[in-house]
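# An overview of the molecular structure
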Amino acid sequence: MLTVATVVLAGVVLAVTRDGDPLGWRETGLLLGAAAPLFVCVATFGTSCLLFGLYRLLFSPTEVLKGPEEVGYIPAEGRSRAQAYNDVRRRRKVGELPPIYPNGWFRLLDSHMLERGQVQTASVLGFQLVVFRGNDGKAHVLDAYCPHLGANLGVGGRVVGDCIECPFHGWRFQGSNGKCVKIPYSEKVPEFAKVKHWHSCEVNSLILVWFHCDDIDPEWAVPELEQIASGAWAYRGRTEHFVNCHIQEIPENAADIAHLAHLHIPGMASGSDLRYTNSKAWSFMRHDWKAEWAPELEPNKHCSQMLVKHAMYLFGVHFSLLDVHVVARQVGPGLVFLTFNHSFLGSGVIMHCVTPVEPLVQCVSHTIFYQANIPTVIPKFILMSERVQFERDVMIWNNKKYISKPLLVKEDHTIQKHRRWFSQFYSENSPQFQYQRDTLEF
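Scope of this entry: the structure provided in the associated data block. All values reported here derive from a predicted model rather than from experimental measurement.

## What about empty space enclosed by the protein?
Within this structure, the stated rule accounts for 1 cavity of 30 Å³ or more. If you go around the largest cavity, the residues you meet are R92, V94, L97, C245, H246, E249, L360, W397, K400 and Y402.

And the structure:
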């Protein structure tokens, strides 16, 4: 565009200064005629970009994927965010931690991320797994390393029927049980030739894996949301963050009612950097939260509920259009359904999934499904609002110490109640955190 403007300016100068033709109409006309195709190209390109951006805003799902060092760290002068991330991980006190991997269902992938015949790797719960979808459309989860010579089945492996073929020597393992069914250069397959098979399920457009430290079969099922299964609620986007903390810290926020009235009162316009959220420049927008948390009873003792009433104030005036009542139902240690129903803005759910990658690194995703006949821009706005508020928590979690015996006042009683409830997901053999003092690396 700058080049076109320069050409036009040169033409104007010629029009004013050319001897014998003070207006320079002939030269200017020729020059503009030569530049016309450039104008058309630039205008077409600009219009296309505008229309594409408008389409993405109004119709396309939004996806925001943050790296481990991108949120929640304050780098010192001359240091990068990656350096600040590593410094915090090395130096902070972690406290006396509960077991690092609770028993339960955990998200591996969203369903749309795994096409028929596709292979993906997953680093979860301290394990390397391979996730693949057979030609029959069913998703399978196995240990990633081939028991033959250790090749990673997820790196170059290919799907053959309902099996995955090792990229190293062509050994084939059945997705339903992990047994080796073919060794291309051997007449017989040993009975003991197999790779560990993991229990998995695909529900609510999520692929989840079951973990139990004692290899016990799934003790409860993930509930299916009828609105997602029927298509009444459509996929509208997701966010993903990596949080540097123990997994229990994240769901414990639901029982920490007091933090809502401090950390989450500033409006979303003030952002997620806690150094600036209370700036007077953004004080015109404030949130008001009323919440309560309680565990459910048998047969759903693995579930709990948080009831939230949200109100928005602009310049001190209650903006009732954005009043929202949310039911946040936690199912096990790693899955929360945040459902909401608004008389004007419609209904939907954000699925908040926490999956341990390693002892103090959690992959947290928020996937939103929303009423299909509501404009996409509304659920995208809701998801972005959730992201801003969540990133404020991330800044706390990334830098805090876990306190096993916290100093609490009576108004904090639900925190201890939550810890007792969450302890059901640990068992005697649940893995404990081990700190490598010689390298100061986790």
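## So, the pairing of strand 16 (residues 324-331)
Both strand 14 (residues 303-314) and strand 16 contribute to a ladder of 8 bridges, which runs antiparallel. Bridging across to strand 16, H310 finds its partner in V324. Relative to strand 17 (residues 335-342), strand 16 runs antiparallel, the two sharing 5 bridges. Across the sheet, R329 pairs through a bridge with F337, a residue of strand 17.

## Description of the sheet that holds strand 11 (residues 206-211)
Each strand in a sheet pairs with its neighbour through backbone hydrogen bonds, running either in the same direction (parallel) or in the opposite one (antiparallel). Taken in spatial order, the 3 strands make up an open sheet running 2-11-10, and their pairing is antiparallel. Edge positions in the open sheet fall to strand 2 (104-110) and strand 10 (200-203), since each of these has one partner strand only. The mean inter-strand angle of the sheet, taken between neighbouring strand axes irrespective of direction, is 30 degrees. Sheet topology places strand 10 next to strand 11; 4 bridges connect them, and they run antiparallel. Looking across to strand 11, one finds that E202 is bridged to I207.

## Here we look at the side chain of H212
With respect to the helices, strands and loops of the structure, H212 is situated in the loop between strand 11 and helix 4 (226-230). The exposure class of H212 is buried, given its relative accessible area of 8%. Reaching out from H212, the side chain makes a polar contact with the side chain of N103 at a distance of 3.4 Å. Contacts of H212, omitting those with residues within four sequence positions, involve N103, E219 and S427.

## Brief notes about the packing of aromatic side chains
Here the structure, examined in full by the defined rule, presents 15 aromatic pairs. Ring geometry for Y101 against F211: centres 6.3 Å apart, planes inclined by 80 degrees, an arrangement best described as edge-to-face. On the criterion of sequence distance, the pair formed by Y101 in the loop between helix 3 (81-91) and strand 2 and F211 in strand 11 is long-range, its members being 110 residues apart. A single burial state applies to Y101 and to F211, both of which are buried. Each ring, one from F127 and one from W198, has its centre 5.1 Å from the other, and the planes form 70 degrees; the classification is edge-to-face. Note that F127 is positioned in strand 4 (residues 127-133) and W198 in the loop between strand 9 (180-182) and strand 10, a separation of 71 residues in sequence. Overall, the relative accessible area of 32% leaves F127 in the partly exposed class. Members of the aromatic cluster, connected to one another through ring pairs, are W293, W421, F422, F425 and Y426. Seen from the ring of W198, K196 lies directly overhead, with NZ or CZ sitting 4.0 Å from the centre.

## Some words on the layout of surface pockets
There is about 970 Å³ of room inside the largest pocket. Considering the residues around the largest pocket, the lining is formed by 41 residues, among which W289, V326, L338, E386 and Q389 are closest to the centre. A total of 9 residues in the lining of the largest pocket trace back to one element, the largest contributor, which is helix 7 (residues 377-397). Its residues placed into classes, the lining of the largest pocket shows 25 nonpolar, 13 polar and 3 charged.

Conventions adopted
Residues numbered from 1 in each chain as written. Predicted model: local features only at pLDDT ≥ 70, side-chain atom pairs only at ≥ 80, totals over all residues. Heavy atoms only, no water. 1 Å grid on protein atoms, 1.4 Å probe; cavity = no way out; pocket = protein on both sides within 12 Å on 5 of 7 lines; lining within 4 Å. Points joined across faces, edges and corners; volume = space filled by probe spheres on them. Pairing = 2+ DSSP bridges. Helix = DSSP H or I, 4+ residues; strand = E, 2+ residues; numbered from the N terminus. Axes fitted to C-alpha atoms, helices over the stretch in contact; angles between N-to-C directions. Buried < 20%, exposed > 50% of the residue type's maximum accessible area, 1.4 Å probe, protein only. Polar contact = N/O pair within 3.5 Å; in protein donor to acceptor, adjacent residues only side chain to side chain. Contact = heavy atoms within 4.5 Å. Phe/Tyr/Trp six-rings, centres within 6.5 Å; stacked < 30°, edge-to-face > 60°. Lys NZ or Arg CZ within 6 Å of the ring centre and 35° of its normal. Nonpolar A, V, L, I, M, F, W, Y, C, P; charged D, E, K, R; others polar.

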